[in-house]
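Working through the structure, step by step
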Amino acid sequence: MNISDPYAGERLKLSPFYPRAEVLNIREAWAAWNGYKFAEYYYDAEYEYFCVRNACATYDICPMQKYEISGADAEAMLNRMVTRDVAKIGLNRVAYCVWCTDEGRMIDDGTIFRLASDKFMLTCGSPCTAWLAKSAFGFDDVTVTDVTDDIAALSFQGPTTCAVLKKLGLEGIETAKPFDIRHFPFHGGTLMVSRTGFTGDLGYELWIEPGLALELWDDLYRAGDDYGIQPFGEAATNMARLEAAFIMPAMEFNEALRTVNFEHDQTPFELSLGWLIDFKKPHFSGRRALLEEKRRGPKYTLTKLDIEGNKPAEGSYIYKDKRCTKEIGYVTSAMWSPAVKANIALAMIETPHIKGSLWAEIYYEKELRQYSRVVRCTRKTKPFWTPDRARATPPPDY
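In this text the structure is predicted, and so the values were computed from the model without any measurement.

1. Some remarks on the packing of helix H5 (residues 161-168) against helix H6 (residues 213-223)
Axis separation between H5 and H6 bottoms out at 8 Å; the angle between their running directions is 115°. Taken together, the axes of H5 and H6 lie roughly perpendicular to each other. The crossing of H5 and H6 is right-handed. Residues Val164, Leu165, Lys167 and Leu168 of H5 pack against Asp219, Leu220 and Ala223 of H6.

2. Comments concerning the nonpolar core
Ranked by internal contacts, the top residues of the largest apolar core, which has 42 residues, are Met106, Phe113, Trp207, Ile247, Leu271, Leu273 and Leu290. Going through the elements one at a time, helix H2 (45-54), strand S3 (56-60), strand S5 (93-100), strand S6 (106-116), helix H7 (234-243) and strand S17 (342-350) are the ones with two or more residues in this core. Those residues within four positions of Ile247 in sequence are excluded, and the remaining contacts are Tyr96, Met106, Asp109, Phe198, Arg241, Glu252, Phe253, Leu271, Leu273 and Leu302. Formed by 29 residues, the second largest nonpolar core is a distinct cluster that contains Cys162, Leu165, Phe184 and Leu206.

3. Let's talk about unusual backbone geometry
For residues besides glycine, phi is generally negative; the peptide bonds are generally trans as well. Note that the residue after Thr393, namely Pro394, is joined by a cis bond; omega there is 0°. Of note, Pro394 is situated in the segment after strand S19 (369-380). For Asn34, which is not a glycine, the phi torsion comes out positive at approximately 50°. Along the chain, the position of Asn34 falls in the loop between strand S1 (30-33) and strand S2 (36-39).

4. Description of the domain arrangement of the protein chain
When its domains are assigned, the protein chain resolves into domain 1 (11-62 + 151-243), domain 2 (65-149) and domain 3 (299-380). Taken together, the contacts link 20 residues of domain 1 with 16 residues of domain 2. Interface area, domain 1 with domain 2, both sides summed: about 1,400 Å², of which 55% is carbon and sulfur. Three residues, Ile151, Phe179 and Ile181, lead the burial of domain 1 against domain 2; their summed loss comes to 39% of the area buried on that side. The interface formed by domain 1 and domain 2 contains 2 salt bridges. Put simply, Arg93 and Asp180 hold a salt bridge, and the shortest N to O gap is 2.8 Å.

5. A word on the pattern of salt bridges
Under the definition given, this model contains 19 salt bridges. Across the salt bridge formed by Arg20 and Asp218, the nearest N and O atoms sit 2.8 Å from each other. Within this pair, whereas Arg20 is found in helix H1 (residues 18-24), its partner Asp218 is found in helix H6, the two being separated by 198 residues in sequence. For Asp218, a relative accessible area of 24% gives the class partly exposed. A salt bridge links Asp265 to Arg105; the nearest nitrogen and oxygen atoms lie 2.8 Å apart. Placement of the pair is Asp265 in the loop between H7 and helix H8 (287-296) and Arg105 in the loop between S5 and S6, with a sequence separation of 160 residues. Each member of the pair Asp265 and Arg105 is classed as buried. Ionic contacts of the salt-bridge type, sharing partners, join the residues Arg53, Asp201, Glu243 and Arg389 into one network.

The rules behind these values
Residues numbered from 1 in each chain as written. Predicted model: local features only at pLDDT ≥ 70, side-chain atom pairs only at ≥ 80, totals over all residues. Heavy atoms only, no water. Axes fitted to C-alpha atoms, helices over the stretch in contact; angles between N-to-C directions. Helix = DSSP H or I, 4+ residues; strand = E, 2+ residues; numbered from the N terminus. Parallel < 35°, antiparallel > 145°, perpendicular 65-115°, else oblique. Left-handed = near helix turned anticlockwise from the far one by under 90°. Contact = heavy atoms within 4.5 Å. Core = buried A, V, L, I, M, F, W, Y, C linked by side-chain atoms within 4.5 Å. Buried < 20%, exposed > 50% of the residue type's maximum accessible area, 1.4 Å probe, protein only. Domains from an automatic or database assignment. Buried area = accessible area lost by both parts, 1.4 Å probe. Salt bridge = Lys/Arg side-chain N within 4 Å of Asp/Glu carboxyl O.

Written as structure tokens, this is what we have:
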């Protein structure tokens, strides 16, 4: 949500990168994320999207919640909290994960960084301090510390990112595989680089102490000057993540601890994240409920759709026939994809109907008049956008 109050920014925290971001945000398009002043876009969302897909761009992720979990019981504590097996995460590796209530409803998703045998960093979109404290109950040797304000972070995404990081002097960065972590000396401190991101493209995330944030920004932008480096905001991020079929809170799922209406939250199975649940490991929060859901099947299934025509199906209902006699689901996110050249969407559809005929009722405006049409939807089984460069090691130079 854009900030309309001209003084609201003064009441928000400023990212360590803000002095540089402020100059580049020529539209003054600011929003708020976890108490930080945050860029919705800088110049134009579609322009920034094309920077991500064709060159390289930076996205300020300082507002993202970051927790350090350390101690002899850190692994066991996280393993009881999240659904996947934390013991399988190798040293200097990152793993995507989710965690649930005892009813199997999803609280949030995030990433776990294994920094040592007894030290982890958990990142997530929303504050999770209270749930982490509950999850740590009963473990003698575990410490949970909110380090959100102690780590400055940039997401650096796009096909020329590896070339820029090599020019920055990060020797051997091209050998980092997806979800690898590397550490480099930087201006007397340490720069941590993970090959991670939220765009489905080649990309990295850069983690540094706040006092070195501006040096990192300046050095990175000097190295990227010939490679088309630009900043991008939340709007372009949302376009890129949808092409990759990544889920977004408040769009594909509601956080269970904030949801008021019964079952207006979701389960990992409903979000097609069953692959993140490891029933072979010891007990974890929600295990019994999720095991029962696996047996009976989820009520809804998040489904990737290629939609006929070029009118985005934002806010549309999904029906099982063209006459719209039976509603079987709803669209969570939709757009015309420039990279895929298709009208794409994610939709929650009643599981018994996902393999049948699917139709979307789309409402749109043309020259101040409202129109509607019913169009056929084709179910897709793979992400809409999966370039080879996102997985190639070493990545190609552009």
